[in-house]
Amino acid sequence: MSKPFSGKRIKSGIPGFDDLIGGGFPDQSTVLITGSTGTGKTTFVAQYIYKGAEEYGEPGVLVSLEERAKDIRREMEQFGWDLEKYEKQGLIAIVDGVSSISGIPSEEKFVLEDTLNVDSFLRYVYRVVKSINAKRLAIDSIPSIAFRLQNEGEIRKVLLKLNTILLEMGVTSLLTTEAPDPKGGKISKYGIEEYISRGVVLLDLQEKNIELKRYLLVRKMRGTKHSMRKYPFEITSRGVVVYPSGEIY
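Owing to the predicted nature of the structure, the values given are computational and were not obtained by experimental measurement. Counting of residues starts from 1 at the beginning of each chain's written sequence and follows it residue by residue. The model is predicted, so local features are restricted to residues of pLDDT at least 70 and side-chain atom pairs to those at 80 or more, both for listing and for counting; the totals for chains, interfaces and linings are taken over all residues. Side-chain figures throughout are based on the complete set of non-hydrogen atoms in the structure, without hydrogens or water.

Draft legend 1. Summary view of the pairing of strand β11 (residues 239-242). Whether two strands pair depends on DSSP finding at least two bridges between them. Secondary structure follows DSSP: runs of H or I at least 4 residues long count as helices, runs of E at least 2 residues long count as strands, and numbering of each begins at the N terminus. Here four bridges tie strand β10 (residues 230-236) to β11, and the two strands are oriented antiparallel to one another. Looking at β11, one finds that F233 is bridged to V242. The hairpin formed by β10 and β11 contains two residues between the paired strands.

Draft legend 2. Molecular detail of the packing of helix α5 (residues 118-131) against helix α7 (residues 152-169). Note on geometry: axes are lines fitted to C-alpha atoms, helical ones only across the stretch in contact, with angles between N-to-C directions running from 0 to 180 degrees. Running from amino to carboxyl end, α5 crosses α7 at an angle of 15°, the nearest separation of the two axes being 11 Å. With respect to α7, the axis of α5 lies roughly parallel. Like other packed secondary-structure pairs, α5 and α7 cross with a definite hand, here right-handed. Contact residues: α5 offers V118, D119, L122, V125, Y126, V129 and K130, while α7 offers V158, K161, L162, I165, E168 and M169. Residues are sorted three ways: Asp, Glu, Lys and Arg are charged, Ala, Val, Leu, Ile, Met, Phe, Trp, Tyr, Cys and Pro are nonpolar, and all the rest, Gly among them, are polar. Split by residue class, the contact of α5 with α7 holds nine nonpolar, no polar and four charged. Here roughly perpendicular refers to angles of 65 to 115 degrees, roughly parallel to angles under 35, roughly antiparallel to angles over 145, and oblique to all remaining angles. What makes a crossing left-handed is the near helix being turned counterclockwise from the far one by less than a right angle; a clockwise turn instead makes it right-handed. Two residues qualify as a contact provided that any one of their heavy atoms is within 4.5 Å of a heavy atom in the partner residue.

Draft legend 3. The arrangement of the sheet that holds strand β4 (residues 60-64) in detail. Here nine strands make up an open sheet; going across it, the order is β5-β4-β6-β7-β3-β8-β9-β10-β11 and the pairing mixed. Taken across any chain shown, the strands that pair with only one partner, and hence form the sheet edges, are β5 (92-96) and β11. Averaged over neighbouring strand pairs, the angle between their axes works out to 25° when direction is ignored. Taken together, the three bridges between strand β9 (residues 211-221) and β10 define a ladder with antiparallel strand orientation. Bridging from a neighbouring strand, Y215 pairs with P232 of β10.

Draft legend 4. Highlighting helix α2 (residues 69-76). Only protein chains enter the area calculation, which uses a 1.4 Å probe; residues under 20% of their type maximum are buried, those over 50% are exposed, and those in between are partly exposed. The complete set of buried residues in α2 reads A69, D71, I72, R73 and M76. Buried positions along α2 lie against α1 (41-56), β4, α3 (83-88) and β5.

Draft legend 5. The arrangement of the environment of V95 in detail. In this structure, V95 sits in strand β5. Along the primary structure V95 and S64 are separated by 31 residues, whereas in three dimensions their C-alpha atoms are 6.0 Å apart. Setting aside anything within four residues of it in sequence, one finds V95 in contact with V61, L62, V63, S64, F110, L112, Y124 and V128.

Draft legend 6. Local environment of the pairing of β5. The buried count for β5 comes to five of five residues, which makes it a mostly enclosed element. Both faces of β5 are covered, namely the face carrying I92, I94 and D96 and the face carrying A93 and V95. Bridge count between β4 and β5: five bridges; the pairing is parallel. Looking at β5, one finds that V61 is bridged to A93.

Draft legend 7. Geometry of the side chain of T39. Note on placement: T39 falls in the loop between β3 (30-35) and α1. Looking at T39, its side chain comes within polar contact range of the main-chain oxygen of S36, at 2.7 Å. Those residues in contact with T39, other than ones at most four positions away along the chain, are L203, D204, L205, R214, F233 and I235. Think of a polar contact as two N or O atoms within 3.5 Å of one another; within protein, one of them needs to be a possible hydrogen donor and the other a possible acceptor, and neighboring residues in sequence only count if both atoms come from side chains.

Draft legend 8. Structural context of the environment of L175. Topologically, L175 is positioned in strand β7 (residues 172-178). Of the residues examined, L175 reaches a relative accessible area of 0% and is grouped as buried. Sequence spacing of L175 and I139 is 36 residues, and the spatial spacing of their C-alpha atoms is 4.9 Å. Once residues lying within four places of it in the same chain are set aside, the contact partners of L175 are T30, V31, L32, I33, I139, I142, L162 and L166.

Draft legend 9. The side chain of K41, seen in detail. Structurally, K41 is set in helix α1. According to the relative accessible area criterion, K41 is buried, its value standing at 8%. Residues in contact with K41, not counting those within four places in the same chain, are I33, T34, G35, S36, T176, T177, E178 and L203.

Right under this line is the structure:
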């Protein structure tokens, strides 16, 4: 049985977003960030980790299973985010989960060597979280963990184990996944992720005036009241910004 919420809130670091969920993520919850390609999932979770260190002094771990750590750092520089600064201070740890898959040597401090073994992956992430006393964790992405598994039963078992270990870590976690068909109700790749998560945030693209515009919807957030409306958001020069007052487009 999972622990009840303490009432404490973890600030997202995303302007406008906390207004939609009662002031922040419920402490020690697991929240799924889902959406199709190009909706801003990686930026969303990286901002959560970076702003946690910069604004709140809360250590965080970013597990990157789709991009090398150095590529993440370079991409986030466009928002003025110096991840390396906080890595040196022990407030951020980036786990490189890509280099070993690609057979590329890595000089990173935290590198997943055995990416084929899910238990080894979970144990390693647990050790990194404890090594910096992390309060925040982001894993980008779930499909990169589960794609080697053969059937739905195996995937369900792994995701349930992941959720259990995240609760044991005592961190507030964001997990990303793909939404194959949000309009058709398919908001996660395996149809399981949303059920193991206490919260689900859907990032969406919609056409308006022959342009694609970004919208955000909090589908679920246990332990807090939240809006069920879609809200516009943008990826600006300072990262993700949500507009809780409504229409901007």
